[in-house]
Amino acid sequence: MRRKLTLGAALLCSLTVIGAATGVVTTVTADPSGAQSGISAEKAVASADALASGFTAKMRLTEDESVQRQNVLGGPAGLQYVSYQKKFKNLRVVGGDSVVVARPDGTVTDVQVANTNPINVDTAPKVSALQALGTARGQVGTVDGATAPELVVYALEGKQALAWESVVTGTKGADPTKLHVWVDAVSGQVLGTEDEVKAGEGKGNNEGTVTIETTNSGGQYSMVDATRKGLSCGPVNGQPYKKATDTWGNGSGTDLETACVDAYYSGQREISMLKEWFGRDGVNGKGQNYPAYVNLNAVNAYWNGSNAQFGHNQPGTKQLTSMDVVGHEFGHGIFQFSGSGGGGGGEAGGMNESTGDIFGALTEHYANNAVDTPDFLVGEQVDIYGNGKPLRNMYDPKSDGKSPNCWSSTIGNLDVHYSAGPQNLWFYALSEGSNPAGKPAAAFCSAGTQFAGIGVKKAGQLFLAGLQRKTSSWNYANGRKAMLQAAKDTFPGSCEEFNAAKAAFDAIKVPAQSGEATCALGGAAAAPDISVDNVKAHLTTLQSGASGGNRLSGSAGHKATVDYIEGKLKAAGWTTARQDCTTCRAGSQNLIADFPGGDENNVLMLGAHSDSVQAGPGINDNGSGSASILEVALNVAQTKPNLSRHLRFAWWAGEEQGLIGSTFYVNKLAAADKAKIKDYLNFDMVGSPNGGYFINNITTPSAQAFVEYYKSIGVAAEENTEGANRSDDASFRRGGVATSGIAAGASYKKTAAQAQKWGGTANGAYDACYHSACDTTTNINNTILDRSADAIAYAIWKMAVTS
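Residues numbered from 1 in each chain as written. Predicted model: local features only at pLDDT ≥ 70, side-chain atom pairs only at ≥ 80, totals over all residues. Heavy atoms only, no water.

## With respect to the confidence of the model for the protein
With 90% of its residues at a pLDDT of at least 70, the protein reaches an overall mean of 87. Segment residues 2–39: pLDDT under 50, and 112 contacts once partners within four positions in sequence are set aside and those in other chains are kept. (pLDDT = per-residue confidence, 0-100. Contact = heavy atoms within 4.5 Å.)

What follows is the structure, encoded as structure tokens:
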């Protein structure tokens, strides 16, 4: 590992602080009572906050930045979702949100960050708040009111600017609006808008004779739910319906009391479903629900951020209060109160609309009403436009003539009701499968896709667990990553749900993403035990070839190392190639090796640097990494496992001079070839004599195989903070490739706590011979080296091998 030349700001960890300059995270609305089903959230919240150093590094916080904890929500499998808000010089950063996912035992499973770019804006506005307010009000036709402008940093859609944010309520045309407007505080131009009012365009349908839970007070019954806090129903701008008897409605499609029976009943069913199926306490996840209002004078229905309003169909024969419309509108509320942001326009807006459709379908399936039978159509009974057609079709979205069935790079340009199509189809296929018996086949864009569904309840659990990871950068690509990780977290010990979710994403043409989760549980071949004696034999050979006492890049000693490794690989059946590194020291070469088989569009790449410093032979730094991956590569050739992914190994020149060899390789890759590398795993100093167990980017999907391995042998690994940006994984990460890897430590000192849990000497360097002549074959901890080699094999078998 190369020597660190500069030190960043100190990072402190505690339950209430995460910040760059002060180490402080201010705790806001951090009540852990968001835990569901009686499971304590305290350990999960503590772990999320204690992620300080890794989380801060992931967000690339500067001295002027900090993050505030915003909310804690629980979900199935006891998972806790802790959201954070970024601030710059105490100004809220719009688009600076993030979510940490943790288990009740404190294990962090996922981190979603909307924007990792450091903020750098002048915080002195040139446009006054009053001028900005005038501009904001000008975005709405008829203004009923507006909030006082708040000075923020706008960091959405690749922009970064000081801005005034106002929320303007009123109408745009005939439609209500609650519009967030961001006005550039320097130029006065509108940077962006987002409307809290979501138009459902749903259907109305009488739910038949149903039982509803009302409140009796003073001899009067009212449509106010005493057990589902906040739920009520009445006319727009009026009070909840109240009467002396507890019998409601006449069954007519135009009767408003009947419409409230439908809306109120459907709301009760949806809220009960959230609790019983998903462990969520109400629409907002914290026990709060919201009113429903009927008699809206519009052929539409809306969610406005704090209530749902329902109009009528175009012929005027029915109110739009059927179960799927009610489920849809309150579904917008669930979207609003999940994760940490996202959902205005573009892809996120379409996914918001789809979320409404999904919760409408889920509510129908939960209620299993005999009149309004569960299905995956939207608006099939109301005839909203008088043409006898459903509004949307979740198993074949294109049947409306406007919605696509599959994702494309231009989908964000569509109206949000149409860009909902691919996610609707994904959810149908996840629930029912590609071609369910007695039900419509999923209308995928390519023929031949076949897989079984997991059932609507499980699909809903998976979907909500993924939605809880939503940030302001939400889109189909991020949704795929979140949903796949959610499948692993929500259904541990099974790959059935993960495989169905992945197959459904593939079927709607959302491509695989760098760093996305993989699953081999329950179907993976067992990883082999790697012989530490064989690894040490390689180290002996490397030391004997250290001409002049070192293996400096480009030297005779380095050439001997490359010759030896390449000879072993060729003899075992690997395809090798040398790359002249023209930016390295003269004579330096990278060695690249590919093993035949596996999906060449889904490459798992492993690497270690093959050079040393001039002072010594570099047996721990980094003969240990080079020899370990060599022995694993030879084991792959010997066992010939069934590979689902293509394997590529690399030994880098010029690392000790500044990651030159790996940077050269990454820069020379064509964009298409780079995109094929889905994960890069790096191994640097994996046998340190007083070492520890460190994992690069420990909370990311690329790292989970290492986390699982060490946990399986009773070792509590930590984030590799010492090695951050100091080894060859940094070259790939800068190139946009997901990375992880392991290390045992360099010159940093082992803490007393680490010595207690790992053994070794407290306050002693992990490697006292780091970059010194004494870094020889005697400078190795056999136990750590053995475990490192086994961890490498485990990762390959977990991420790229099937039984």
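## Focus: the nonpolar core
Membership of the largest hydrophobic core comes to 81 residues, with the highest contact counts inside it found for Met223, Phe359, Leu362, Trp426, Phe427 and Leu462. Looking at this core element by element, the count peaks at 11 residues for helix H4 (residues 256–278). Apart from the residues within four sequence positions on either side, Phe359 is in contact with Glu270, Met273, Leu274, Phe278, Gly327, Gly331, Ile334, Phe463 and Leu464. (Core = buried A, V, L, I, M, F, W, Y, C linked by side-chain atoms within 4.5 Å. Buried < 20%, exposed > 50% of the residue type's maximum accessible area, 1.4 Å probe, protein only. Helix = DSSP H or I, 4+ residues; strand = E, 2+ residues; numbered from the N terminus.)

## Comments concerning the sheet that holds strand S25 (residues 677–683)
Pairing is mixed across the open sheet formed by 8 strands, whose spatial order is S20-S21-S24-S22-S25-S28-S26-S27. Among the strands making up the open sheet, the edge pair consists of strand S20 (575–580) and strand S27 (718–719). With 5 bridges joining them, strand S21 (residues 589–595) and strand S24 (residues 645–652) adopt antiparallel strand pairing. Within S24, the residue paired with Leu591 across the bridge is Trp651. (Pairing = 2+ DSSP bridges.)

## Concerning unusual backbone geometry
A cis geometry characterises the amide bond from Asp621 onward to Asn622, with omega recorded as 5 degrees. With respect to the secondary-structure elements, Asn622 resides in helix H14 (residues 619–639). Backbone geometry at Leu659 places phi at a positive 60 degrees, although glycine is not the residue there. Secondary-structure assignment places Leu659 in the loop between S24 and helix H15 (660–668). Owing to a relative accessible area of 1%, Leu659 belongs among the buried residues under this scheme.

## Concerning the packing of helix H10 (residues 476–490) against helix H11 (residues 496–507)
Helix-helix packing is described using two parameters, namely the angle between the two axes and the distance between the axes. The N-to-C vectors of H10 and H11 enclose an angle of 165 degrees; their axes lie 8 Å apart at closest approach. Put simply, H10 runs roughly antiparallel to H11. Here the hand of the crossing between H10 and H11 comes out right-handed. Residues Gly479, Arg480, Met483, Leu484, Ala487 and Lys488 of H10 form the contact with H11, whose own contacting residues are Glu497, Phe498, Ala501, Lys502, Phe505 and Asp506. Grouping the amino acids of the contact of H10 with H11 by side-chain chemistry returns 6 nonpolar, 1 polar and 5 charged. (Axes fitted to C-alpha atoms, helices over the stretch in contact; angles between N-to-C directions. Parallel < 35°, antiparallel > 145°, perpendicular 65-115°, else oblique. Left-handed = near helix turned anticlockwise from the far one by under 90°. Nonpolar A, V, L, I, M, F, W, Y, C, P; charged D, E, K, R; others polar.)

## Notes on the state of the cysteines
Counted by the stated rule, this structure contains 4 disulfides. Between the sulfur of Cys233 and that of Cys260 lies a disulfide, 2.0 Å long from S to S. Handedness of the Cys233-Cys260 disulfide follows from its S-S torsion of about -85 degrees: it is left-handed. On the criterion of sequence distance, the pair formed by Cys233 in strand S13 (residues 233–235) and Cys260 in helix H4 is long-range, its members being 27 residues apart. By relative accessible area, Cys233 is classed as buried at 0%. On the basis of relative accessible area, Cys260 is assigned to the buried category, the value being 0%. Here Cys406 connects covalently by a disulfide to Cys445, the sulfurs 1.9 Å from one another. Its S-S torsion of about 125 degrees marks the bond between Cys406 and Cys445 as right-handed, since a negative value means left-handed. Placement of the pair is Cys406 in the loop between strand S19 (392–393) and helix H7 (416–419) and Cys445 in the loop between helix H8 (421–432) and helix H9 (456–467), with a sequence separation of 39 residues. We classify Cys445 as partly exposed; its relative accessible area is 44%. (Disulfide = S-S within 2.5 Å.)

## Quick look at the packing of aromatic side chains
Under the defined criterion, the tally for this structure stands at 27 aromatic pairs. With a centroid separation of 5.4 Å and 85 degrees between ring planes, the pair formed by Trp277 and Tyr366 is classed as edge-to-face. With a gap of 89 residues between them, Trp277 in helix H4 and Tyr366 in helix H6 (residues 346–367) connect regions that are remote in the sequence. Accessibility assignment for this pair places Trp277 and Tyr366 in one class, buried. Where Phe278 meets Phe359, the ring centres are 6.5 Å apart and the plane angle is 90 degrees; that geometry is what we call edge-to-face. (Phe/Tyr/Trp six-rings, centres within 6.5 Å; stacked < 30°, edge-to-face > 60°.)

## Observations regarding the pattern of salt bridges
Should the charged atoms of two oppositely charged side chains come close, the side chains can pair. Counted according to the given criterion, the structure contains 25 salt bridges. Among the salt bridges present, the one from Glu65 reaches Lys86, with a minimum N-O distance of 3.4 Å. On the criterion of sequence distance, the pair formed by Glu65 in strand S1 (residues 65–74) and Lys86 in strand S2 (residues 80–88) is long-range, its members being 21 residues apart. There is no split in this pair, since Glu65 and Lys86 are both buried. Of the charged contacts in the structure, one is a salt bridge between Arg578 and Glu566, with a shortest N-O distance of 2.8 Å. With Arg578 in strand S20 and Glu566 in helix H13 (residues 556–572), the pair connects residues that are 12 residues apart, well separated along the chain. The buried category is assigned to Glu566, whose relative accessible area is 9%. One salt-bridge network, held together by shared partners, links Arg103, Asp110, Arg469 and Asp489. (Salt bridge = Lys/Arg side-chain N within 4 Å of Asp/Glu carboxyl O.)

## Some thoughts on H9
Here H9 contains 12 residues, and its C-alpha end-to-end distance of 16 Å stays within 8% of the 16 Å for a straight helix at 1.5 Å per residue. Across the 12 residues that make up H9, a large majority, 10, are buried. All buried positions along H9 are accounted for by Val456, Ala459, Gly460, Gln461, Leu462, Phe463, Leu464, Ala465, Gly466 and Leu467. (Expected span 1.5 Å × (residues − 1).)

## Some thoughts on the sheet that holds strand S14 (residues 242–243)
Spatial ordering of the open sheet is given by S11-S12-S14, a layout of 3 strands whose pairing is antiparallel. Strand pairing shows two members of the sheet lacking a second neighbour, strand S11 (215–217) and S14, which therefore form its edges. Here strand S12 (residues 220–222) runs beside S14; their pairing, made up of 2 bridges, is antiparallel. From the neighbouring strand, Ser222 faces S14, where its bridge partner is Lys242.

## Side note on H8
For H8, which comprises 12 residues, the first-to-last C-alpha distance of 16 Å matches the rise-based estimate of 16 Å (1.5 Å per residue) to within 8%. With respect to burial, H8 is a largely interior element, 12 of its 12 residues being buried. Among all positions of H8, only Gly421, Pro422, Gln423, Asn424, Leu425, Trp426, Phe427, Tyr428, Ala429, Leu430, Ser431 and Glu432 are buried. Here the buried face of H8 lies against H6, S19, H7, H9, H10 and H11. One or two residues past the end of H8 sits Gly433, with phi positive at roughly 95 degrees.

## Focus: the pairing of strand S6 (residues 150–154)
Taking burial as the measure, the 5 residues of S6 include 4 buried ones, the bulk of the element. Inspection of the sheet shows strand S3 (residues 91–102) paired to S6 by 2 bridges, in the parallel sense. Bridge pairing in S6 links Val93 to Val153. Relative to strand S7 (residues 161–172), S6 runs antiparallel, the two being bridged by 5 bridges. The residue of S7 that forms the bridge with Leu151 is Trp164.

## Structural notes on the side chain of Asp225
With respect to the secondary-structure elements, Asp225 resides in the loop between S12 and S13. Polar contacts involving the side chain of Asp225 include one to the main-chain amide nitrogen of Thr227, which spans 2.9 Å. When residues no more than four places from it in sequence are discounted, the contact partners of Asp225 are Glu213, Thr215, Leu231, Tyr264 and Gln268. (Polar contact = N/O pair within 3.5 Å; in protein donor to acceptor, adjacent residues only side chain to side chain.)

## Brief notes about the side chain of Asp184
Its location among the elements puts Asp184 in strand S8 (residues 175–184). Polar contacts involving the side chain of Asp184 include one to the main-chain amide nitrogen of Val186, which spans 2.7 Å. Leave out the neighbours within four places in its chain, and Asp184 touches Val127, Ala161, Leu162, Ala163, Gln189 and Leu191.

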